[in-house]
Amino acid sequence: AENQNPSARYVGNTPKEELLLEHVREFEDQFVNVYGNRFLFLCPPNEYGVPKFLPSTIRPTHLPYQELYEYKSCTKFLADFFNYDELAPPDRYPTVIPAPASVLTWQAGDCFDLSIALASLLIGVGYDAYCVSGFAPRFITTRNEARSACPQLDVDIEETKEEDKQEDDEFVIPKKPPLRSEYLDAKKRAEEADLARLQEEEMKSDSEDDPSSDEDEHENRRIHCWVLVRKGAREVAEDMYLEPTTGRIYSVTRCPYLKIDLIWNHRNLWVNMQVCGASHVQLDLYNSRYFEYVMLDAENPGDQGGDADDAGAAAPDDDRRGEHTAQILDLPSPWSERPDIPRERFHARCYQGEKTIFYHKCKVEQYAPYTQDDGLVQRITLYKDVRRQIPLEIRERFKHRKDKLIERKRRPMQNETIERFLPGRPSTSATVGGALKEFREISALSRELIFYKSRLDGLVRSVEIIGRKMFEYFEDRDDRLIYHSVTLDPTALMNGTLRNNTKNKDTYTVDSVGEVPIKKMTEKFRRNPEVPADEDIAKISFYLTEQSSTSIYSSTGKIRVDYHREPGSLTFRQCMYHYEDGNLRRRPANLPQPTQAEVHKLLQMQSTCRERITSSHNSITQELTARRKDEISIRGMRSVAAGKKRDLTTIPGSRDDVLEPSVYDLARESARVEGSREGQEEEKQEEQTSKVDILAPYLVDFVNKETGLVQLDSLQAELVAKKCTTDFRKRLTDRAEIIQRRLEEEQELLRKRRAQMQRRGDSVEKDEQAFAAYQDEAMFRTQILEQRLARHEMQAIEKFQELERMLQEDPRLAAMWQKEPAAVKG
């Protein structure tokens, strides 16, 4: 939508701009005379129909967002931020080139609009950026990436590699390079070539949602615009092309573009004279063999001025060059207003809050923060087939969740789920728990929990192979425990119960199975330097049950104790204890038997191990139960919402809310509190003024000049009280009228804007976002005024009653309440 109060340079040209346009027209005429009839897109009209030279449309701007400071993140952000409109028809230049400030406000535009906006931001942060217009294939101009690989997958791989590098040890023993077979290398290269050929054929296969499979009637004639970033500035190593519609980056020598027509920045414009493909163009802009420039540039003179005949006269040449430089027509300042992105729109990122892109065997869905009830901001779905009907993997990213969930991966074919959490996840237990970092689960097979190193019990990893084994790893515990595990024997169960109804007190609860007998428990400890190695237990295993040939559990068991190794020793001490008649014995009988204290210590360790495993199992079960309840409530909330956006006007901080309050929620709440606080402060000021002697202005005429006291008779007291009451009533009424008048003005302005929107026809879609923002602010102001008016009406009655009470209790008006005696007739 056009600005209602546009700048003077939007609707007209300055004398300097008119001089520039005349110079450009002369250049165009000379160019046609020398090189023949060729259309040059140099001075298109802006959104108000005023012709503007293309370089003067670029407005270098540095916005206060870190993401817009690097060219990669800036290009990707604008590709998501804008709603791309294709050129219609695709072989014609656009009829209008609006200001980049208007494009950022509309959040929509064609390739020229997006390129100029991107170049303005890149030049503003120090890059040597240019806009390039030319010709491109259909998949570029239509932003069809159905045959392209998803770039987000490469980003995820790079992030994973960086995390792996950070987790690696700083010092690594170098390994010898493995022996390589030339035959195996050649075979591998051949297989890779065959795989690449198959993938290329698959990419070329026809698809119903890929219109590029059809023949193109505008082949090699589709006009497009993109951005060039030259090497040198901001440590850019090589020249590159940036595609503003998708955010992709191409090398200059390996780009998909077909031909280059024009190149321009905020200082000059160059016409390409090379008859070759875009990947073979020489980007020597001030070489007249390759480009013709419109403006003379004193900083890059090239071969544009000076007489070469008089080579010997150096001083005259310098004078002539200085005079020529002084006569160069410099480019006017950009006519566009400063582009800006409001902070709320910047954090929303996507146009209208959501965006869907289809890639080869992949679909990417992006959502603005706080628009989804579960905090979803991105969903990547990988498919097995080209038509994207059989999902292989679903990757979801979340933000601002109270449970700190940041990522979830699901593989439907394997029933596998992986969830990752940020630090600070709240604990489900008052003593231990929380600090969950990663959760992996394969339905009915296994589950794994990885924790941050901040738990009180030192647990860092818990793995359960459902129905078979559970083991956990610990760090930095006072008792030096580093590992414990429990091994189960599911073969002892028959239809969910023990065989022959044999009772066993040592069982382990398994979901969907029940009580399963424990076969073995194991604990491992780290080295204690204060104890000799042959007395320091490294591992102890408790074999609780042994299965006999009759498949009935016997009461016999054993305990195996392994001790730490001595430094430089290959062997370690090991002891095996068997249960015999309720006591522990070593076999054969000639070995040293344990003392009563040693037996008591081993039995105590077995009891402690059982308690630890039970406690840890209860803690993990509680963690998983709370996690399932959270997800069930979120699913129920999503089903009720049925895809509706989250209402941001609700009061934040609710315990039932899944998301943390955003800065905008806090701002709205702060505005409400501030509004009510202002009303209360005004009322307090009124109360304070009312505490001042309100009768003082009315008693000035009745003060006795000799004594300085006030003595009123009944008539005078009644007159003073009446004046005070009347003035106070008028003051309250005036206050109510002021609030009512402001309320009616806000409602009238909103009514006019609604009527204006209804009268507009085709431009409603462009104006709806601005109107929605205005309507939200107007409704907020109206609500505050209604609250103030209602509060004023309620408190006015109380204040008036308080005034009457004060007048009754004031001793100076006591004469008003005393009846005078009747006059005696003479």
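Coordinates for the structure precede this section.
Not measured: the values here are computed from a predicted model.

1. Describing the overall build of the protein
(1) Moving on: Helices and strands together make up the secondary structure of the protein, namely 15 helices and 28 strands.
(2) Moving on: Across the 826 residues of the protein, 41% fall into the buried class.
(3) Moving on: Pairs at least 24 residues apart make up 57% of the contacts formed inside the protein by residues separated by at least 6 positions.

2. Some words on a nonpolar patch on the surface
(1) Moving on: On the surface, Ile390, Leu392 and Met413 cluster together into a nonpolar patch covering about 250 Å² of accessible area.
(2) Moving on: With respect to the secondary-structure elements, Ile390 resides in the loop between strand E12 (376-383) and strand E13 (391-398).

3. Re the side chain of Asn528
(1) Moving on: Secondary-structure assignment places Asn528 in the loop between strand E24 (514-525) and strand E25 (537-543).
(2) Moving on: By relative accessible area, which is 16% here, Asn528 ends up buried.
(3) Moving on: Engagement of the side chain of Asn528 in a polar contact is seen with the side chain of Arg480, the distance being 3.4 Å.
(4) Moving on: Contacts of Asn528, omitting those with residues within four sequence positions, involve Arg480 and Asp536.

4. Description of the environment of Gln783
(1) Moving on: Relative to the elements of secondary structure, Gln783 occurs in helix H15 (residues 764-809).
(2) Moving on: Given the relative accessible area of 35%, Gln783 is considered partly exposed.
(3) Moving on: The sequence separation of Gln783 and Arg672 amounts to 111 residues, and the corresponding C-alpha distance is 9.7 Å.

5. Some words on the packing of aromatic side chains
Any two aromatic rings considered together are summarised by their centre-to-centre distance and by the angle between their planes.
(1) Moving on: One pass over the full model with this rule turns up 23 aromatic pairs.
(2) Moving on: Between Phe77 and Phe81 the ring centres are 5.4 Å apart and the planes differ by 20°, which places this aromatic pair in the stacked class. Of this pair, Phe77 and Phe81 both sit in helix H4 (residues 71-81), separated by four residues, roughly a single helical turn. Just as Phe77 is buried, Phe81 falls in that class too.
(3) Moving on: Members of the aromatic cluster, joined through ring pairs, are Tyr65, Phe77, Phe81, Phe82 and Phe346.
(4) Moving on: If you follow Arg477 out to its NZ or CZ, it ends over the ring of Phe474, 5.0 Å from the centre.
(5) Moving on: Positioned above the aromatic ring of Tyr563 is the side chain of Arg573, whose terminal nitrogen or guanidinium carbon lies 4.4 Å from the ring centre.

6. Notes on the packing of H4 against helix H6 (residues 111-124)
(1) Moving on: It is the contact of H4 with H6, at a shortest axis distance of 11 Å, that shows an interaxial angle of 150°. Between H4 and H6, the interaxial angle falls into the category roughly antiparallel. Crossing of H4 against H6: the hand is right-handed. Each of Tyr71, Cys74, Thr75 and Leu78 in H4 lies in contact with H6, whose residues at this interface are Ala117, Leu118, Leu121 and Leu122.

Procedures and definitions
- Residue positions within a chain follow its written sequence, with the count starting from 1.
- Thresholds applied to this predicted model are a pLDDT of at least 70 for local features of residues and 80 or more for the giving and counting of side-chain atom pairs; totals over whole chains, interfaces and linings are not thresholded and use all residues.
- Values reported for side chains reflect all heavy atoms of the structure, with hydrogen atoms and water molecules removed beforehand.
- For the purposes of this entry, the term helix denotes a DSSP run of H or I that reaches at least four residues, the term strand denotes a run of E that reaches at least two, and both are numbered from the N terminus.
- Burial classes follow relative accessibility: with a 1.4 Å probe on protein chains only, a residue under 20% of its type's maximum area counts as buried, one over 50% as exposed, and anything between as partly exposed.
- Here, two residues are considered to be in contact whenever any of their heavy atoms come within 4.5 Å of each other.
- Every patch collects residues that have over 30% relative accessible area and no salt bridge, joining them within 9 Å if they carry like charges and within 5 Å if they are nonpolar side chains (Val, Leu, Ile, Met, Phe, Trp, Tyr).
- Areas reported here follow the Shrake-Rupley algorithm with a probe of radius 1.4 Å; residue values treat only the protein chains shown as occluding.
- For this analysis, a salt bridge means a side-chain nitrogen from Lys or Arg found within 4 Å of a carboxyl oxygen belonging to Asp or Glu.
- Throughout this description, a polar contact denotes any pair of N or O atoms lying within 3.5 Å of each other; where both atoms belong to protein, one of them has to be capable of donating a hydrogen while the other can accept it, and for residues adjacent in sequence the pair is counted only when both atoms sit in side chains.
- Stacked, tilted and edge-to-face pairs are distinguished by plane angle, under 30 degrees for stacked and over 60 for edge-to-face with tilted covering the rest, among Phe, Tyr and Trp rings (Trp via its six-membered ring) whose centres lie within 6.5 Å.
- The criterion is that NZ of a Lys, or CZ of an Arg, lies within 6 Å of the ring centre and within 35 degrees of the ring normal, and then a charge sits over that ring.
- Orientation is described by lines fitted to C-alpha atoms, with helices fitted over the stretch in contact, and by angles between N-to-C directions that extend from 0 to 180 degrees.
- Comment on the angle field: the value is read as roughly parallel under 35 degrees, roughly antiparallel over 145, roughly perpendicular from 65 to 115, and oblique elsewhere.
- In this scheme, a crossing is called left-handed if the near helix is turned counterclockwise away from the far one by less than a right angle; it is called right-handed if the turn is clockwise.

Worth remembering: the numbers are spatial, not functional.
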